[in-house]
Amino acid sequence: MRLFLIAALVAATIGFQGQAQAQDKVRIATEGAYAPFNFKAPDGTLQGFDVDIAKVLCERAHLECTIVAQDWDGIIPGLLAKKYDAIVASMSITEERKKKVDFTDKYYQTPARFVQKKGANLTISKDGLKGKTIGAQRSTIHAQYLQDNYADVADIKLYDSQENADLDLTAGRLDLVLADSIVLLEGFLNKPDGKGFEFIGPELKDPKWFGAGAGIAVRPGDAKLKDAFNKALAEIRKDGTYEKIDAKYFPFSIY
């Protein structure tokens, strides 16, 4: 009888440890098409600022994380369907998205900008953009901003990725694109294809459309994972780890 009780206790302990270990395994989604924040390297691996931040946060929070690629259009539905547990993909914290997911504290914040062909001399106003064709990535804060402010005077074209919007700009099918300023600078303007293009107009950062910075999205009510990420984020901000990752990609702080 005593041996039976000991065996039962051991089995229960192993089972509990197995459950704890299972809880510590976290799947994280990123887009993989939003350089320099997240992109696929030539060997197919996911890289970028988002990916590096996700990895170091998992390490600090003692989580065993797997990072997977997910198309932007389906990234929130995939989280809610439990295909993965968190999204680290430069997702802006907006009131509309907070109706569907919970967010951690911000881990960076950068403004939006328009890009035009050099010498186009466009004016960023309703009169200046009347009849123009403007591109943005679908299901983004930039697309929403365009729909709310210019859809009545301009043709708004939305794309499945920022890369495809940029391709149509270079091909002359768009007059402008609107996106995150860093993505446009590092992922387009500083590349050979972007040499003939330039920023136009002011930095756009009205919280009504552009939110309170980029945060990590988790399923509603998953306070344990959200708190673990927030604690780890505070640690890397305090000890200089965040600044090292930032400096790897940018010549200035994007926090």
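Residues numbered from 1 in each chain as written. Predicted model: local features only at pLDDT ≥ 70, side-chain atom pairs only at ≥ 80, totals over all residues. Heavy atoms only, no water.

### Brief notes about the packing of aromatic side chains
1) Next: Taken as a whole and assessed by the stated rule, the structure comprises 18 aromatic pairs.
2) Next: Centre to centre, the rings of Phe49 and Tyr249 are 6.3 Å apart; their planes meet at 90 degrees, and the pair counts as edge-to-face. Here Phe49 is found in helix H2 (residues 49-60), whereas its partner Tyr249 is found in helix H10 (residues 241-249), with 200 residues between them in sequence.
3) Next: Here Phe188 and Phe197 contribute two aromatic rings whose centre-to-centre distance is 5.4 Å and whose plane-to-plane angle is 45 degrees, an arrangement assigned as tilted. In this structure, Phe188 and Phe197 share a single accessibility class: buried.
4) Next: Members of the aromatic cluster, connected to one another through ring pairs, are Tyr34, Phe37, Phe49, Tyr107, Tyr108, Tyr242, Tyr249, Phe250, Phe252 and Tyr255.
5) Next: Across from the ring centre of Tyr242, 5.1 Å away, lies the NZ or CZ of Arg237, which sits over that ring.
6) Next: Note that Arg237 overlies the ring of Tyr255, its terminal NZ or CZ placed 3.5 Å from the centroid. (Phe/Tyr/Trp six-rings, centres within 6.5 Å; stacked < 30°, edge-to-face > 60°. Helix = DSSP H or I, 4+ residues; strand = E, 2+ residues; numbered from the N terminus. Buried < 20%, exposed > 50% of the residue type's maximum accessible area, 1.4 Å probe, protein only. Lys NZ or Arg CZ within 6 Å of the ring centre and 35° of its normal.)

### Regarding the state of the cysteines
1) Next: Per the stated rule, a full pass over the model turns up one disulfide.
2) Next: The disulfide partner of Cys58 is Cys65, and the S-S distance across this bridge is 2.0 Å. One disulfide, between Cys58 and Cys65, carries an S-S torsion of -90 degrees and so falls in the left-handed class. (Disulfide = S-S within 2.5 Å.)

### Structural notes on the pairing of strand E6 (residues 86-92)
1) Next: With seven of seven residues buried, E6 is to be regarded as a mostly interior element.
2) Next: One ladder, built from two bridges, connects strand E1 (residues 25-30) with E6; its direction is parallel. The residue bridging Ala29 from the neighbouring strand is Ile87, located in E6.
3) Next: In this structure, E6 lies alongside strand E13 (residues 214-218), joined through four bridges in antiparallel fashion. Among the inter-strand pairings, Ser92 is bridged to a residue of E13, identified as Ala214. (Pairing = 2+ DSSP bridges.)

### Some words on the side chain of Thr104
1) Next: Position of Thr104 relative to the elements: it lies in strand E7 (residues 102-108).
2) Next: Overall, Thr104 belongs to the buried group, its relative accessible area being 5%.
3) Next: Look past the residues within four positions of Thr104 in its chain and what remains in contact with it is Ile93, Gly215, Ile216, Lys226, Phe229 and Asn230. (Contact = heavy atoms within 4.5 Å.)

### Regarding the layout of surface pockets
1) Next: Space inside the largest pocket adds up to approximately 600 Å³.
2) Next: Along its surface, the largest pocket is lined by 25 residues, and Thr94, Glu96, Arg97, Ile141 and Gln144 are the ones closest to its centre.
3) Next: Put simply, the parts of the chain that give the lining of the largest pocket at least two residues each are helix H3 (75-80), helix H4 (95-98), helix H5 (141-149) and helix H8 (207-210).
4) Next: Here the residues of the lining of the largest pocket are counted per class, giving twelve nonpolar, five polar and eight charged. (1 Å grid on protein atoms, 1.4 Å probe; cavity = no way out; pocket = protein on both sides within 12 Å on 5 of 7 lines; lining within 4 Å. Points joined across faces, edges and corners; volume = space filled by probe spheres on them. Nonpolar A, V, L, I, M, F, W, Y, C, P; charged D, E, K, R; others polar.)

### Notes on H2
1) Next: Relative to the 16 Å expected for twelve residues at 1.5 Å per residue, H2 spans 17 Å between its end C-alpha atoms, a close match to the ideal helical length.
2) Next: Looking only at H2, the buried set comprises Phe49, Asp50, Val51, Asp52, Ile53, Ala54, Val56, Leu57 and Cys58. (Expected span 1.5 Å × (residues − 1).)

### What to know about the sheet that holds strand E3 (residues 38-40)
1) Next: Read across the sheet, three strands follow the order E2-E3-E4 without closing on themselves; strand pairing throughout is antiparallel. A single partner strand is all that each edge strand has here, and the edge strands are strand E2 (33-34) and strand E4 (46-47).
2) Next: When E3 meets E4, the two strands line up antiparallel, connected through two bridges. Considered in E4, the bridge of Lys40 is made with Leu46.

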